[in-house]
Structure formats: C-alpha cells, structure tokens
Amino acid sequence: MTADDSFGRLDDDDYPAYTMGRAAEMLGTTQGFLRAIGEARLITPLRSEGGHRRYSRYQLRIAARARELVDQGMPIEAACRIVILEDQLEEAQRINAEHQRAAGSADATAVA
C-alpha cells in the first residue's frame, strides 16, 4: 500500500477508522450504547485483526441520529428502527429521483 492509498481513505465514509472508545467519545456516549445499537442491528462495526470493533464515519452519523432519538426519551430499539426506516426512505427517494431523471432524458431524446 502506498502513502497515496492511505490518504485516499481519509475521504472514505465507509473506512472503519475509529475504535469503539474513540467513537463513543466523539458521540458523547458510552461504549455500551454502541454495543446496544450493534445488538439492535442498526450498525455492524467491522473488526480489526485483533477482534476490536472499528467504526466508519457513516456508521457514526447513523449512531448520532439514534442517540438524538434516545436523548429525546425514545427506547433504543424504537430509535434504531426509526433510523433504519429513515435510511431506507432516503435510499428509495434517491433511486426514485434517478428513475425520474432517466425517464425525463428518455422523453427528451424521443421528442428530438
């Protein structure tokens, strides 16, 4: 691996760069919270060669949203389900927008 390859990972939202302790610190929560949202299958951290949990920036954003809901009094299982549904809705809307753009460009081509 070259230095350029290593620096490229800095921009990769899916690269598991954060240890459990660092992730908990960044989120202002406990390691137990991270374990709980893992058990609820909201996020699945990758494991280092030594078996330690590692989190990506994307996973930390998901965990932060769950934490917001829990801080508002929502049970952790419900918070995780809501975040999963929000993520699925966002993905469905993105796919729908892509289909609409493709259909629009196909219509424009047919008219020309």
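Since the structure is predicted, the reported quantities are computational estimates derived from the model, not experimental observations.

### What about the overall build of the protein chain?
Next, step 1: Helices and strands together make up the secondary structure of the protein chain, namely 5 helices and 3 strands.
Next, step 2: Of all 112 residues assigned to the protein chain, the portion counted as buried reaches 20%.
Next, step 3: Summing over all exposed atoms, the protein chain offers an accessible surface of approximately 7,700 Å²; the carbon and sulfur share of this is 52%.

### Some points on helix α4 (residues 57–71)
Next, step 1: In this model, α4 (15 residues) spans 21 Å end to end at C-alpha, consistent with the 21 Å of a helix rising 1.5 Å per residue.
Next, step 2: Looking only at α4, the buried set comprises Gln59, Leu60, Ile62, Ala63, Ala66 and Leu69.
Next, step 3: Looking one or two residues past α4, Gly73 carries a phi angle of roughly 100°, positive in sign.

### A word on the packing of helix α2 (residues 20–27) against helix α3 (residues 31–39)
Next, step 1: The interhelical angle for the contact between α2 and α3, taken along N-to-C directions, is 100°, at an axis separation of 8 Å. One way to sum up the angle between α2 and α3 is to call them roughly perpendicular. Between α2, through Met20, Gly21, Ala23, Ala24 and Leu27, and α3, the contact on the second element is made entirely by Gln31, Leu34 and Arg35.
Next, step 2: In terms of residue class, the contact of α2 with α3 is made up of 5 nonpolar, 2 polar and 1 charged.

### A look at the nonpolar core
Next, step 1: Leu34, Ile37, Leu42, Ile43, Tyr55, Ala63 and Val83 are the most contacted members of the largest nonpolar core, which totals 18 residues.
Next, step 2: Put simply, the parts of the chain that give this core at least two residues each are α2, α3, α4 and α5 (76–111).
Next, step 3: It is α4 that contributes the most residues to this core, 5 residues altogether.

### Regarding the environment of Arg41
Next, step 1: Looking at the element boundaries, Arg41 is found in the loop between α3 and β2 (46–47).
Next, step 2: Taking C-alpha positions, Arg41 is 7.9 Å from Cys80, a pair spaced 39 residues apart along the chain.

### Looking at the side chain of Ser56
Next, step 1: With respect to the helices and strands, the residue Ser56 is situated in the loop between β3 (53–55) and α4.
Next, step 2: Overall, the relative accessible area of 3% leaves Ser56 in the buried class.
Next, step 3: Other than its neighbours up to four places away in sequence, Ser56 contacts Asp13, Asp14, Tyr15, Pro16 and Tyr18.

### Considerations on the sheet that holds strand β1 (residues 18–19)
Next, step 1: Read from one edge of the open sheet, 3 strands run β1-β3-β2, paired in antiparallel fashion. The open sheet has two edge strands, β1 and β2, and neither has a second partner.
Next, step 2: As paired elements, β2 and β3 share 2 bridges and run antiparallel to each other. By the bridge assignment for β3, Arg47 is matched with Arg53.

Rules and cut-offs
- Residues numbered from 1 in each chain as written.
- Predicted model: local features only at pLDDT ≥ 70, side-chain atom pairs only at ≥ 80, totals over all residues.
- Heavy atoms only, no water.
- Helix = DSSP H or I, 4+ residues; strand = E, 2+ residues; numbered from the N terminus.
- Buried < 20%, exposed > 50% of the residue type's maximum accessible area, 1.4 Å probe, protein only.
- Areas by Shrake-Rupley, 256 points an atom, 1.4 Å probe, with all protein chains shown as cover.
- Expected span 1.5 Å × (residues − 1).
- Axes fitted to C-alpha atoms, helices over the stretch in contact; angles between N-to-C directions.
- Parallel < 35°, antiparallel > 145°, perpendicular 65-115°, else oblique.
- Contact = heavy atoms within 4.5 Å.
- Nonpolar A, V, L, I, M, F, W, Y, C, P; charged D, E, K, R; others polar.
- Core = buried A, V, L, I, M, F, W, Y, C linked by side-chain atoms within 4.5 Å.
- Pairing = 2+ DSSP bridges.

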